[in-house]
Amino acid sequence: MEIIIQSTAEAATDVAARIIARQLRKKPGSVLGLATGSTPLRLYQILIGMKLDWSRAITFNLDEYIGLPREHPQSYHSFMWENLFRHVNIRPENVHIPDGNAPDVPAFCAAYEASIRAAGGIDIQVLGIGTDGHIGFNEPTSSLASRTRIKTLTPQTRRDNARFFGSENQVPFHVITMGIGTIMEARQNLLLAFGGNKAEAVAGAVEGPITSINPASILQLHPVAKACLDEPAASKLTRAEYYRWVYDNKPAWQVI
Ligand code: PGA
């Protein structure tokens, strides 16, 4: 995994935005895997400001709450349209977000997997990380080979996300999420983590054993995984100096 530590979340986000912009410019029909939550908000603002051409881009979101109406302000449909899609020239038919109201969830999940394959697979998958190490909504003990499916949120994730809903009892219990196996098939994974509350999960993911207790640790097995971190999120990494040294001494042609 390439560990990119920047002094602020803004600087770390700038790196991620450059990676995605380069991908979209190189391949206008790129398939992007997108994430929600507070972490990628600034990433989307920067990408909007870059005035990139999204007319051929195809997107797949990681996850969605089950049972929230699509128009609910906290649905990930609302999040994505509000914070990115309505500001760029993406074609609505190229946007894919799990349907949290699908009448047949397993059939929907199988079809979601099939549409990712039909689009040619994901070029870059953007990931946040939960304080419990989840990626997408793959909570601890998720199968490391899992595919898109229903999951039950942990009490910790429901508490973490209560800030968006006003109170914890309004946070849905169930979600549809791409599986860890699905995420691992993306050609590149780009994990963003900011803030000291992510430090422990990040340290486990980067320096701990590969374990379903910290689902993000599976990225150690991915051939092209990058983690863009701010200082607080990197604060529990024992080899932070080494990661900084590597990044500062990359060959010029590799610098993003
Ligand atoms: P956050 O969520 O960006 O709101 O911290 C990250 C996640 O749960 O993956």
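Our subject in this report is the structure included herewith. None of the values given here were measured: they were computed from a predicted structure.

Definitions and cut-offs
- Residues numbered from 1 in each chain as written.
- Predicted model: local features only at pLDDT ≥ 70, side-chain atom pairs only at ≥ 80, totals over all residues.
- Heavy atoms only, no water.
- Helix = DSSP H or I, 4+ residues; strand = E, 2+ residues; numbered from the N terminus.
- Rg over C-alpha atoms; globule rule 2.2 N^0.38 Å.
- Buried < 20%, exposed > 50% of the residue type's maximum accessible area, 1.4 Å probe, protein only.
- Contact = heavy atoms within 4.5 Å.
- Areas by Shrake-Rupley, 256 points an atom, 1.4 Å probe, with all protein chains shown as cover.
- Lys, Arg positive; Asp, Glu negative; His and termini not counted.
- Charge placed at Lys NZ, Arg CZ, Asp CG, Glu CD.
- Near = heavy atom within 4 Å.
- Polar contact = N/O pair within 3.5 Å; in protein donor to acceptor, adjacent residues only side chain to side chain.
- Nonpolar A, V, L, I, M, F, W, Y, C, P; charged D, E, K, R; others polar.
- Patch = residues over 30% accessible without salt bridge, like charges linked within 9 Å, V, L, I, M, F, W, Y side chains within 5 Å.
- Salt bridge = Lys/Arg side-chain N within 4 Å of Asp/Glu carboxyl O.
- 1 Å grid on protein atoms, 1.4 Å probe; cavity = no way out; pocket = protein on both sides within 12 Å on 5 of 7 lines; lining within 4 Å.
- Points joined across faces, edges and corners; volume = space filled by probe spheres on them.

**Thoughts on the overall build of the chain**
Thinking step 1. In terms of helices and strands, the chain carries 9 helices and 10 strands.
Thinking step 2. The C-alpha radius of gyration of the chain comes to 17 Å, within 12% of the 18 Å expected for a compact globule of 256 residues.
Thinking step 3. Viewed in the frame of its principal axes, the chain has a C-alpha envelope of about 50 × 40 × 35 Å.
Thinking step 4. A total of 256 residues make up the chain; the buried ones form 57% of that total.
Thinking step 5. Across the chain, the fraction of contacts at a sequence separation of at least 24, relative to all contacts at a separation of at least 6, is 79%.
Thinking step 6. Working note: accessible area of the chain is about 11000 Å², and carbon and sulfur atoms make up 54% of it.
Thinking step 7. Taken as two groups, the 25 positive and 24 negative side-chain charges of the chain have centres that lie 5 Å from each other.

**Observations concerning the site of the ligand**
Thinking step 1. The environment of the ligand is made up of Gly37, Ser38, Thr39, Gly128, Ile129, Gly130, His134, Arg163, Phe164 and Lys198.
Thinking step 2. At 2.6 Å, a side-chain N or O of histidine 134 approaches an oxygen atom of the ligand.
Thinking step 3. At 2.6 Å from an oxygen atom of the ligand is found a side-chain nitrogen or oxygen belonging to lysine 198.
Thinking step 4. When the free accessible area of the ligand is taken as 280 Å², the share hidden by the protein chains comes to 86%.
Thinking step 5. Residues that form the shell around the ligand fall into these classes: 2 nonpolar, 6 polar and 2 charged.

**Observations regarding a nonpolar patch on the surface**
Thinking step 1. A cluster of nonpolar residues, Tyr242, Trp245 and Val246, forms a patch on the protein surface that exposes about 350 Å² of accessible area.
Thinking step 2. Assignment of secondary structure puts valine 246 in helix 9 (residues 240–248).
Thinking step 3. Exposure remark for valine 246: the relative accessible area of 34% places this residue in the partly exposed category.

**Section: empty space enclosed by the protein**
Thinking step 1. In total, this model carries 1 cavity of 30 Å³ or more according to the counting rule given.
Thinking step 2. One number sums up the size of the largest cavity: a volume of about 30 Å³.
Thinking step 3. Lining the largest cavity are Glu64, Leu68, Arg70, His77, Pro98, Asp99, Gly100 and Asn101.
Thinking step 4. Classifying every residue of the lining of the largest cavity by side-chain character gives 2 nonpolar, 3 polar and 3 charged.

The quantities given are spatial measurements derived from coordinates; they are silent on function.
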